[in-house]
Amino acid sequence: MANTKVPYLDLKTQYQSIRPEIDEAIARVLDNCQFVLGSEVAAFENEFATCCGAGECIALNSGTSALHLALLAAGVGPGDEVITVSFTFVASVAAVVYAGARPVLVDIDPRSFTIDPAAIEALITPRTKAILPVHLYGQPADMDPIMEIARRHHLVVIEDAAQAHGAKYKGRSVGSIGDIACFSFYPTKNLGAYGEGGAVTTRNTEYARTIRSLRDWGQDRKYHHVLHGYNYRMEGLQGAILRVKLRHLEQWTEARRAIAAKYNQLLADSEIERPSEMPWARHVYHAYTLRTDDRDVLQAALQEKGIQTGIHYPVPVHRQPAYAELVHTPLALPQSEKAAAEVLSLPLYPEMTDDQIQRVTQALTSLATAR
Ligand SMILES: Cc1ncc(COP(=O)(O)O)c(C=O)c1O
């Protein structure tokens, strides 16, 4: 057992399973020499917009750029406040700082690990411009109450869907629920490029036009700069690769869900707290995340047995040295702090075998009973 390795992720096995399609897509870009934006990126934008049920998709060079430009298109700037969570990857909050606005951080619902809608309204001030829920681990936030609060207070809703490609809320795809949504195609994501990548989806044509201009130096035509823009364009190779991988996304998502169901079943008798799929959610299990009060000990013991795990995330953003002074936390965030101390993500990727799943759960249950 000590020599058995179950990696947290296995990108190589996935590449091998689609190698001819990927190699052909890469060759197409090398032949047409459209290395930045170009026809493959444009085709990917159409296909991804359709996949999300969104009117428009604008392909970018990262999920962070997607959040930054979504905030700018929504008119967020200095003096404004954006309500989001502390228990997230730092980019959700950093993007608000990029836009010159102040992140106001709210606690999570401990069952879903996503923003607690009941805690939002108390934080709204005349400066609040947007709410930025994060679909953490691939589970959509509870969007109906969030949209209702936003409509009443005339706020923009920006979904951080970086971890949630293919997830659904009450049957609707993430990316089509808020006013704007942001995706990451970082290689480890459920839909991952072979380099950096990201996208915004929206049904608002005005936002889409602004974001298209901002990603390419604020031009409305070549060398005519009407906005203070950025170089946030997607590369042609990433567009071509993502088109191939998008064709497999649904099947990979189903495989992830089946693995999560097996984990749930095999861990049903253990004391470890398993993740909950909320009644509104089609969870896409970017991460399968447990809670346990001796997380660090358990992680080290699993590592000893050759099982790699992850901690997403060990420190909430309001406790990060670079952000503690920049964020505003009018209310305590006990659930965010508790989650940061307890979470442990198990290996999960579509190509995982039954044997690997068994090894993980056997290691876990033997350690849990030994405690
Ligand atoms: C929740 C969340 N938001 C934003 C990002 C930023 O995406 P990227 O790494 O593509 O900039 C990530 C991923 O890294 C993420 O997990």
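In the block above lies the structure referred to throughout.
As a starting point, this report considers the structure included with it. (Residues numbered from 1 in each chain as written. Predicted model: local features only at pLDDT ≥ 70, side-chain atom pairs only at ≥ 80, totals over all residues. Heavy atoms only, no water.)

Moving on, we get to the packing of aromatic side chains. In the structure shown here, the tally under the stated rule is 12 aromatic pairs. Within the aromatic cluster, the residues linked to one another by ring pairs are Phe44, Phe48, Phe183 and Phe185. (Phe/Tyr/Trp six-rings, centres within 6.5 Å; stacked < 30°, edge-to-face > 60°.)

Alternating positions in strand S13 (residues 288-291) separate into two faces, Tyr288 and Leu290 on one and Thr289 and Arg291 on the other, with burial throughout. Examined bridge by bridge, S13 and strand S14 (residues 343-346) share four bridges and lie antiparallel to one another. Bridge pairing in S14 links Leu290 to Leu344. (Buried < 20%, exposed > 50% of the residue type's maximum accessible area, 1.4 Å probe, protein only. Helix = DSSP H or I, 4+ residues; strand = E, 2+ residues; numbered from the N terminus. Pairing = 2+ DSSP bridges.)

A word on the pattern of salt bridges. By the definition in use, this model includes 31 salt bridges. Residues Asp179 and Arg151 are paired through a salt bridge, measuring 3.0 Å at the closest nitrogen-oxygen approach. Of this pair, Asp179 sits in the loop between strand S7 (172-173) and strand S8 (180-184) while Arg151 sits in helix H6 (residues 143-153), and the two are 28 residues apart along the sequence. Assessed through its relative accessible area of 14%, Asp179 is described here as buried. For Arg151, a relative accessible area of 42% corresponds to the partly exposed category. For Asp354, the salt bridge is made with Lys262, and the minimal N-O distance between the two is 2.8 Å. Here Asp354, found in helix H11 (residues 354-370), pairs with Lys262, found in helix H8 (residues 236-266); they are 92 residues apart in sequence, far enough to count as distant. Among the charged side chains, a network of salt bridges with common partners joins Glu24, Arg28, Glu40, Glu47 and Arg243. (Salt bridge = Lys/Arg side-chain N within 4 Å of Asp/Glu carboxyl O.)

On to the sheet that holds strand S5 (residues 156-160). On the basis of which strands lie adjacent, the open sheet formed by seven strands has the order S1-S9-S8-S5-S4-S2-S3 and mixed pairing. Edge positions in the sheet fall to strand S1 (56-60) and strand S3 (102-106), since each of these pairs with one other strand and no more. Pairwise comparison of adjacent strand axes, ignoring direction, gives a mean angle of 25° for this sheet. Here strand S2 (residues 81-85) pairs with S3 via five bridges, running parallel. (Axes fitted to C-alpha atoms, helices over the stretch in contact; angles between N-to-C directions.)

What follows covers the environment of Val82. Along the chain, Val82 falls in strand S2. Exposure remark for Val82: the relative accessible area of 0% places this residue in the buried category. The spatial distance from the C-alpha of Val82 to the C-alpha of Arg319 is 18 Å, given a sequence separation of 237 residues.

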